[in-house]
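Report on the structure
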Amino acid sequence: MRITWRHLSQARRALMALLMVTMLPGMALAADDDKAAGTGLPVPRFVSLKADRVNVRNGPNRDQDVAWIFTRAGLPVEITAEFETWRRIRDADGAEGWVYHSMLSGRRTALVAPWSKDTTITLRDKPDANARAVARLEANVLGTIKSCDGKWCRILGDGFDGYVEQNKLWGVYPNEKVD
């Protein structure tokens with residue numbers, strides 16, 4: 001039998017098909033490994049606690065000791081690292097530990113000036129320092145962030161809705177825009 005270019009081309013196509021069939025499962029596993037390594041979302045980033053009871057561990061697995069337990073859903077935390085399904089978080093006091101990813105929510109919340117224990121912050125009806133004051137918020141008041149333009153954030157909570165200067169909140173970065 002004489003081998004022609006046509007035969008080589010057919011053999012090459014068959015070989016490529018065989019390689020694709022054998023390589024695809026391995027490629028899919030590699031893609032799953034990449035997903036397991038992290039979400040691909042920016043780090044650091046702010047998120048909030050999903051549950052009223054969240055264990056914070058010393059390391060990224062259930063065998064690690066519980067360092068402390070959060071007892072308030074909605075608190076903002078900053079993700080500082082990712083390892084598989086675990087997230088290293090930092091709270092407003094600067095404490096860090098590991099939390100299982102399903103205990104976190106992408107919902108954006110903020111604490112009002114947690115660093116100023118004896119201060120109140122003015123909530124305004126518009127994003128302007130001269131706008132009408134609608135409330136005075138004490139330090140550590142929790143609110144949901146509706147939007148931020150880099151200077152002002154609209155937040156709402158139990159009995160309030162208005163604008164606060166962005167630099168008076170913990171849970172949003174300076175100059176960050178949130179829609």
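**Some remarks on the nonpolar core**
- Within the largest apolar cluster, 15 residues are counted, with the highest numbers of intra-cluster contacts made by Val112, Leu137, Ile145, Ile155, Val164, Leu169 and Val172.
- For this core, the secondary structure elements donating two or more residues are strand S8 (109-112), strand S9 (120-124), strand S11 (142-149), strand S12 (152-157) and strand S13 (160-165).
- Sequence-distant contacts of Ile155, that is, excluding residues within four places in its chain, are made with Val112, Leu123, Leu137, Thr144, Ile145, Phe160, Asp161, Gly162, Val164 and Leu169.
- Among the nonpolar cores identified, the runner-up in size contains 13 residues, and Val54, Val99, Leu111 and Leu142 belong to it.

**Comments concerning the layout of surface pockets**
- The volume enclosed by the largest pocket comes to roughly 180 Å³.
- In this structure, the largest pocket is lined by 13 residues; those nearest its centre are Leu41, Arg45, Val47, Ile79 and Gly106.
- Where the lining of the largest pocket is concerned, the elements lending two or more residues are strand S1 (45-49) and strand S7 (104-105).
- It is S1 that contributes the most residues to the lining of the largest pocket, three residues altogether.
- Classifying every residue of the lining of the largest pocket gives eight nonpolar, three polar and two charged.

**Regarding the confidence of the model for the protein**
- Per-residue pLDDT for the protein averages 86, and the proportion of residues at 70 or more is 79%.
- In this model, residues 14-36 is a region of pLDDT below 50 whose contacts with residues beyond four sequence positions or in other chains number three contacts.

**With respect to the side chain of Arg57**
- Here Arg57 lies in strand S2 (residues 54-57).
- For the buried Arg57, no salt bridge exists, and the shortest N-O distance to an oppositely charged side chain is 6.7 Å, to Asp65.
- Within the local environment of Arg57, its side chain forms a polar contact with the backbone oxygen of Arg62, the two atoms lying 3.3 Å apart.
- Side-chain polar atoms of Arg57 contact the backbone oxygen of Gln64, separated by 2.8 Å.
- In this structure, Arg57 is in contact with Arg62, Gln64, Asp65, Val66, Ala67, Trp86, Gly97 and Trp98, ignoring residues within four places of it in sequence.

**Focus: the state of the cysteines**
- Overall, the coordinates contain one disulfide when judged by the stated rule.
- Through a disulfide, Cys148 is tied to Cys153; the S-S separation comes to 2.0 Å. On the S-S bond that ties Cys148 to Cys153, the torsion sits near 110 degrees, and the link is right-handed. Taken individually, Cys148 and Cys153 each receive the classification buried, so the pair is uniform in this respect.

**Overview of unusual backbone geometry**
- Following Val43, the chain continues to Pro44 via a peptide bond in cis, the omega torsion being 5 degrees.
- Mapped onto the secondary structure, Pro44 falls in the loop between helix H1 (5-37) and S1.
- At Glu84, a position not held by glycine, the phi torsion is positive, near 50 degrees.
- Structurally, the position occupied by Glu84 is in the loop between strand S4 (76-83) and strand S5 (86-90).
- Glu84 gets classed as partly exposed once you look at its relative accessible area, which sits at 43%.
- Look at Ala113: it is not a glycine, yet its phi comes out positive at around 30 degrees.
- Relative to the assigned elements, Ala113 resides in the loop between S8 and S9.
- By relative accessible area, which is 1% here, Ala113 ends up buried.

Thresholds applied
- Residues numbered from 1 in each chain as written.
- Predicted model: local features only at pLDDT ≥ 70, side-chain atom pairs only at ≥ 80, totals over all residues.
- Heavy atoms only, no water.
- Core = buried A, V, L, I, M, F, W, Y, C linked by side-chain atoms within 4.5 Å.
- Buried < 20%, exposed > 50% of the residue type's maximum accessible area, 1.4 Å probe, protein only.
- Helix = DSSP H or I, 4+ residues; strand = E, 2+ residues; numbered from the N terminus.
- Contact = heavy atoms within 4.5 Å.
- 1 Å grid on protein atoms, 1.4 Å probe; cavity = no way out; pocket = protein on both sides within 12 Å on 5 of 7 lines; lining within 4 Å.
- Points joined across faces, edges and corners; volume = space filled by probe spheres on them.
- Nonpolar A, V, L, I, M, F, W, Y, C, P; charged D, E, K, R; others polar.
- pLDDT = per-residue confidence, 0-100.
- Lys, Arg positive; Asp, Glu negative; His and termini not counted.
- Salt bridge = Lys/Arg side-chain N within 4 Å of Asp/Glu carboxyl O.
- Polar contact = N/O pair within 3.5 Å; in protein donor to acceptor, adjacent residues only side chain to side chain.
- Disulfide = S-S within 2.5 Å.

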